[in-house]
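# Structure at a glance
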Amino acid sequence: MNYTFADRIATLSPSAIREILKFTSDPSVVSLAAGNPAPEAFPTDVIADISARIFRERPIDALQYSITEGYPALRNRLKAYMTYKHHSFSDERDELIVTSGAQQVMELVVKVLCNPNDVILCEAPSFIGSLNSFRSLGAKLVGVPMEADGMDTDALETALKANPNAKFIYTIPNFQNPTGITMSMEKRRRVYALAKQYGVLILEDNPYGDLRYGGEALPNIKSLDKDGLVIYAGTFSKVLSPGIRVGYAVGPKAVIAKMTVAKQGEDVHTAIWSQMLCDEFMGTVDFEEHLHDLQGLYREKAALMCRLLDEHLVPCGITYHPIEGGLFLWCDLPEGVDMNAFCTRAVQEYKVAVVPGNAFSVNDEPCRSFRVNFSTPTDEAMTRGVERLGVFAREFLK
């Protein structure tokens, strides 16, 4: 049997991250390639207690069908949270939908806004999961280079002028994946101003914003939105658990209404037990104290990774970008070094896995960088992995 696949999927390549992770099934490989939260970050006892109470007191609510927009109590709680903490919800302009992770927000936004070959302007590099969602639905991606304080806004304006069919700007302004870069306040204002000037929307993806452990917190782009231009994507994946698959979108009422219709054809609604769990967690646990504990955990793990890189890789000519939060560091190889060969040999010969930077490319732009993760490995494994990487780098770069 010869199988013919739809054009939207036939041209997609497997995620380079997932391909690298295949090597990590070998127990001798130290993986610095994953992007999972630290196992010790999961409040397992609290989750077990809340789950038991839900199934003891309201089992039918947790097991029955519900409404597509999301569990009403959670939606109301999130609206209040986005209002008082982030100043990013307007009763007059906005609505909120609960999704199956923030990844579903990406897919729903493209489904309701883009026809085939419509343009999405993306930070370059950017998160491969979002890029592949956009590509799978026929959108044309145009990359906008990153600078130390976020997207190059002059290049963004050039791209907007050159692409009048651009539908939205995709940005991860806080501790961007993969670079770890935080967009400055000046650039947040300019991105919003350009979106308004050229009549495009902004998709603000903020999975890491609550994991700030350095520097000064900056307002969301959504908090600037007086014109119905910003769709905000949030998630419980990094602050509670990725396995429960609960995300949410805040955006203009007309857009959220169309996303609701599109979601009905995908999964009817996000798992109600998971939504009830998130609502109960936010309502019964000191959520800010929980976030403070997570920030402390990741501050320590990030500091260890930076010390290890300073000791073992920086002397070889490999540099990295400073971060103020999130789960990743972006490392640059010296000019002229074959990045793919570096990453491949590291995992095959020295048993340490990092993610090649071109996994995050928007338009196959040249790349000499790789991403390391410090949240998933234990401190011992992180130390062992970076030490191995240093031994390999000294041999590879000599």
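It should be emphasised that the depicted structure is a prediction, and the values quoted were computed from it without experimental measurement. (Residues numbered from 1 in each chain as written. Predicted model: local features only at pLDDT ≥ 70, side-chain atom pairs only at ≥ 80, totals over all residues. Heavy atoms only, no water.)

### Notes on the pattern of salt bridges
Within the structure shown, the criterion is met by 25 salt bridges. The salt bridge involving D26 is made with K351; its shortest N-O contact spans 3.3 Å. Here D26, found in the loop between α2 (16-23) and β1 (30-31), pairs with K351, found in the loop between α13 (339-349) and β12 (352-353); they are 325 residues apart in sequence, far enough to count as distant. Classification of D26 as partly exposed rests on a relative accessible area of 27%. A residue is classified by how much of its surface remains accessible, and K351, at 29% relative accessible area, is partly exposed. A salt bridge links E280 to R53; the shortest N-O distance between them is 3.2 Å. Of this pair, E280 sits in helix α11 (residues 272-284) while R53 sits in helix α3 (residues 44-57), and the two are 227 residues apart along the sequence. Residue E280 is classed as buried on the basis of its relative accessible area of 17%. (Salt bridge = Lys/Arg side-chain N within 4 Å of Asp/Glu carboxyl O. Helix = DSSP H or I, 4+ residues; strand = E, 2+ residues; numbered from the N terminus. Buried < 20%, exposed > 50% of the residue type's maximum accessible area, 1.4 Å probe, protein only.)

### Description of the pairing of strand β11 (residues 328-332)
Across the five residues that make up β11, a large majority, five, are buried. Side chains of β11 alternate between two faces, with F328, W330 and D332 and L329 and C331 buried alike. Where strand β10 (residues 319-320) and β11 come together, two bridges link them in antiparallel fashion. Among the inter-strand pairings, Y320 is bridged to a residue of β11, identified as C331. For β11 and strand β14 (residues 369-373), the ladder comprises five bridges, and the chain directions are antiparallel. By the bridge assignment, L329 is partnered in β14 with V372. (Pairing = 2+ DSSP bridges.)

### Re the environment of R394
Tracing the sequence through the fold places R394 in helix α14 (residues 379-396). On the accessibility criterion, R394 (45% relative accessible area) is partly exposed. Residues R394 and V230, spaced 164 residues apart in sequence, show a C-alpha to C-alpha distance of 46 Å. For R394, the contacting residues outside a window of four places in its chain are H312 and C316. (Contact = heavy atoms within 4.5 Å.)

### Some points on the packing of aromatic side chains
The description of an aromatic ring pair uses the distance of the two centres, along with the angle that the planes make with each other. Scanning the model with the defined rule gives 13 aromatic pairs in all. Between F134 and F168, the aromatic rings sit 5.7 Å apart at their centres with planes inclined by 80°, giving edge-to-face as the arrangement. Within this pair, whereas F134 is found in helix α7 (residues 128-136), its partner F168 is found in strand β6 (residues 166-171), the two being separated by 34 residues in sequence. Aromatic pair F342 and F396: ring centres 5.5 Å apart, planes at 80°, arrangement edge-to-face. With F342 in helix α13 and F396 in helix α14, this pair connects stretches of sequence that are 54 residues apart. (Phe/Tyr/Trp six-rings, centres within 6.5 Å; stacked < 30°, edge-to-face > 60°.)

### A look at α3
End to end, α3 covers 20 Å across 14 residues, agreeing with the expected 20 Å (1.5 Å per residue, within 8%). The complete set of buried residues in α3 reads I47, I50, S51 and I54. For α3, the angular spread of the buried residues around the axis is 100°, confining them to a single face. What points out from α3, more than 90 degrees from its buried face, is the exposed set D45, D49, R56 and E57. (Expected span 1.5 Å × (residues − 1). Arc of directions from axis to C-beta.)

### A short note on the sheet that holds strand β9 (residues 247-252)
Reading across the sheet, the eight strands line up as β2-β9-β8-β7-β6-β3-β4-β5 and stay open at both edges, with mixed pairing between neighbours. Both edges of this open sheet fall to β2 (94-99) and β5 (150-151), since each of them pairs with a single strand only. Bridge count between strand β7 (residues 201-205) and strand β8 (residues 230-235): four bridges; the pairing is parallel. Of the residues in β8, the one forming a bridge with D205 is A233. Sitting on the sheet, helix α5 (residues 72-84) is in contact with β2, β8 and β9, with an inclination near 125° to β2. Each of β4 (140-147), β5, β6, β7 and β8 touches helix α9 (residues 185-198); the most contacted strand, β7, lies at about 145° to it. (Axes fitted to C-alpha atoms, helices over the stretch in contact; angles between N-to-C directions.)

Shape descriptors only; they carry no functional weight alone.
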